[in-house]
Amino acid sequence: AKASGRNCHRFFDDSMQGDVQDRMRMQVGLARAIEANEFELHYQPLIDLKTGRMVGAEALLRWRLPDGSLMPPAQFIPVAEESGLIVRIGAWVLHEACRQASLWPAINGPAPWVAVNLSALQFRQGGLETLVAAALRDSGLAPGRLELELTESILISDPASVLAAVTRLKAQGVMLSIDDFGTGYSSLSYLTRFPVDKLKIDRSFLQDLGGRGQGQTIVEAVIGLASNLGLACVAEGVETAEVARLLKDLGCGYGQGYYFARPMPAEQLMAFARAQT
Ligand code: C2E
Ligand code: CA
Ligand code: CA
Ligand code: CA
């Protein structure tokens, strides 16, 4: 079993990304993984920096290989995007995240929300509003407890059609955030055009927070921008107590990162939330 496990990894190795045959093999594997139920969601707590409490969690996709190992999304999402399979995988993610979040109790304050990552292809494909409505209806999750994470590249890809779709999504009562904020585009005009609620500061900007670099200037600017636009702000990749405190002092509302918790299986999330109070 060990040998075949090693083999399995070898096929999906990063260094072979350019190899057409390997990509084909992974595509077949991904298509089968949907049928075989090999995907799972792990959840990373989102922390209110003022109170230190968990207020939400981001759903992060994992592929459980037949040998029991977990493949992180960076290794298979590019192939899933390229092949279009991300549309079917993304539909599963939405349903599963809503289903699991509907089971999360209110422990201390409101029940936590769940944040779900969307891919540009899910917008291009169309029908996203119907999918979101179905996931909410099937799970019974209150729309306000679902947050959809959009990247800047989604928002500028096809402004007219994406704006229409995003506006219809917003009308369903879900929350919208911009993921990896600051890494994409210099034009910020979309911020006033799209009905978004939150900015997620990319973790690359937190790297030299507290140090002498430019990270702090950018983080301060984004927190100020969010505040001026009436948007909430989440800092990603908080790895130390010092950074968490600094962000809080700068007025950032929420934090996410290894300092608070790593992504964890659904079964562990509520124990984490309880242990905090
Ligand atoms: P992301 O949306 O920016 O998610 C945050 C990533 O940062 C996660 O990696 C998380 O584990 C990692 N992270 C969190 N805190 C820290 C920290 O303190 N330090 C460091 N170094 N890293 C931290 P993960 O789970 O490997 O996901 C990678 C990316 O894959 C995500 O980046 C997202 O773009 C994509 N992804 C994950 N799940 C989905 C999904 O269901 N659908 C789509 N379309 N993309 C997904
Ligand atoms: Ca994200
Ligand atoms: Ca992110
Ligand atoms: Ca990222």
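Counting from 1, residues in each chain are numbered in the order their sequence is written. Labels follow written order: the first chain is A, the first ligand is 1, and so on. Per-residue local features are limited, in this predicted model, to residues with pLDDT of at least 70; the limit for side-chain atom pairs, both in listing and counting, is 80 or more; totals at the level of whole chains, interfaces and linings are taken over all residues. No hydrogens and no water enter the side-chain calculation; it runs on all heavy atoms of the structure.

1. Brief notes about the pattern of salt bridges
The following threshold applies: In what follows, salt bridge is the name for a side-chain nitrogen of Lys or Arg lying within 4 Å of a carboxyl oxygen of Asp or Glu. Helix and strand labels come from DSSP, where a helix needs a run of H or I of at least four residues and a strand needs a run of E of at least two; each type is numbered from the N terminus. Think of it in three bands: with a 1.4 Å probe and only protein chains considered, a residue is buried below 20% of the maximum accessible area for its type, exposed above 50%, and partly exposed in between.
The full count for this structure, using the stated rule, is 14 salt bridges. Between arginine 23 and glutamate 82 there is a salt bridge; the shortest N-O distance is 2.2 Å. One end of the pair, arginine 23, is in helix α2 (residues 20-35); the other, glutamate 82, is in helix α3 (residues 73-83), and 59 residues separate them in sequence. According to the relative accessible area criterion, arginine 23 is buried, its value standing at 19%. Look at glutamate 82 and you get exposed, because its relative accessible area is 52%.

2. Overview of the state of the cysteines
The line we're drawing: Criterion for a disulfide: a pair of cysteine sulfur atoms within 2.5 Å.
Per the counting criterion, the structure on display carries zero disulfides. Not engaged in a disulfide, the cysteine cysteine 233 finds its nearest cysteine sulfur in cysteine 252; these two sulfurs lie 4.1 Å apart. We classify cysteine 252 as buried; its relative accessible area is 4%.

3. Re the site of ligand 1
As a reminder, the rule being used: Residues are classed as near a molecule or strand on a simple rule: at least one heavy atom within 4 Å of it. Here a polar contact is taken to be a pair of N or O atoms separated by no more than 3.5 Å, where protein atoms must pair a possible hydrogen donor with a possible acceptor and residues adjacent in sequence count only if both atoms sit in side chains. Only the protein chains shown count as cover for residues, with accessible areas throughout obtained via the Shrake-Rupley method and a probe of 1.4 Å. Note that Gly is not counted as nonpolar here; it falls among the polar residues with everything else outside the nonpolar set of Ala, Val, Leu, Ile, Met, Phe, Trp, Tyr, Cys and Pro and the charged set of Asp, Glu, Lys and Arg.
Around ligand 1, a shell composed of 20 residues is seen, among which Gln44, Arg62, Asp179, Glu239 and Tyr258 lie nearest. Note that an oxygen atom of ligand 1 is positioned 2.8 Å from one of the side-chain N or O atoms of arginine 62. The contact in question runs from a nitrogen atom of ligand 1 to an N or O atom on the side chain of arginine 203, over 3.4 Å. When the free accessible area of ligand 1 is taken as 810 Å², the share hidden by the protein chains comes to 82%. For the shell around ligand 1, the element with the most residues is strand β2 (residues 54-64), which contributes four residues. Along the lines of polarity and charge, the residues of the shell around ligand 1 split into eight nonpolar, five polar and seven charged.

4. Quick word on the pairing of β2
Cut-off, in case you're wondering: Should DSSP find at least two bridges between two strands, the strands are taken to pair.
Within β2, ten of the eleven residues are buried, leaving the element largely enclosed by the surrounding structure. Here strand β1 (residues 39-48) runs beside β2; their pairing, made up of nine bridges, is antiparallel. Considered in β2, the bridge of proline 45 is made with alanine 57. Joining the antiparallel neighbours β1 and β2 is a turn of five residues, in which glycine 52 adopts a positive phi near 75°. Here three bridges tie β2 to strand β4 (residues 113-117), and the two strands are oriented parallel to one another. The residue bridging alanine 57 from the neighbouring strand is valine 114, located in β4. With two bridges connecting them, β2 and strand β3 (residues 70-71) associate as antiparallel partners. Each residue of the ladder has a partner; that of tryptophan 63, found in β3, is methionine 71.

5. Topic: the coordination of the calcium ion (ligand 3)
Working reference: metal with six octahedral donors, ideal angles 90 or 180 degrees; metal with four tetrahedral donors, ideal angle 109.5 degrees. What counts is decided by this rule: Only nitrogen, oxygen and sulfur atoms qualify as donors, and only when within 2.8 Å of the metal (3.2 Å in the case of Na, K and Ca); with water excluded, sites may look incomplete.
Within the protein, the calcium ion (ligand 3) binds to Asp179 (OD), Asp180 (OD), Glu236 (OE) and Glu236 (OE); these donor distances fall in the range 2.2 to 2.4 Å. Counting residues between consecutive donors of the calcium ion (ligand 3) along the chain gives the motif D-D-x55-E. Separation of the calcium ion (ligand 3) from the calcium ion (ligand 2) amounts to 3.8 Å, with aspartate 179 serving as a shared donor to the pair. Placement of aspartate 180 in strand β6 (residues 175-181) and of glutamate 236 in strand β8 (residues 232-236) is noted, with a sequence separation of 56 residues between them. A relative accessible area of 27% means that aspartate 180 is categorised as partly exposed. The exposure class of glutamate 236 is buried, given its relative accessible area of 11%.

6. Some points on the packing of aromatic side chains
What counts here: Stacked, edge-to-face and tilted labels apply to pairs of Phe, Tyr and Trp rings (six-membered ring for Trp) whose centres lie within 6.5 Å, assigned for plane angles under 30 degrees, over 60, and everything in between, in that order. Whether a charge sits over a ring comes down to the Lys NZ or Arg CZ being within 6 Å of the ring centre and within 35 degrees of the ring normal.
On inspection of all chains with the given rule, the structure shows seven aromatic pairs. A centroid spacing of 5.6 Å and a plane angle of 90° characterise the contact between tryptophan 113 and tyrosine 254, whose relative ring orientation is edge-to-face. A residue pair is termed long-range when its members are at least 10 positions apart, and tryptophan 113 in strand β4 and tyrosine 254 in strand β9 (residues 254-256) qualify at 141 residues. When its relative accessible area of 15% is taken as the criterion, tryptophan 113 is described as buried. An aromatic cluster of three or more residues is present, and its members are Phe39, Trp63, Phe76 and Trp92. Looking at lysine 198, its charged tip hangs above the ring of tyrosine 254, at a distance of 5.5 Å from the centre.

Shape is all these values report; function is a separate question.
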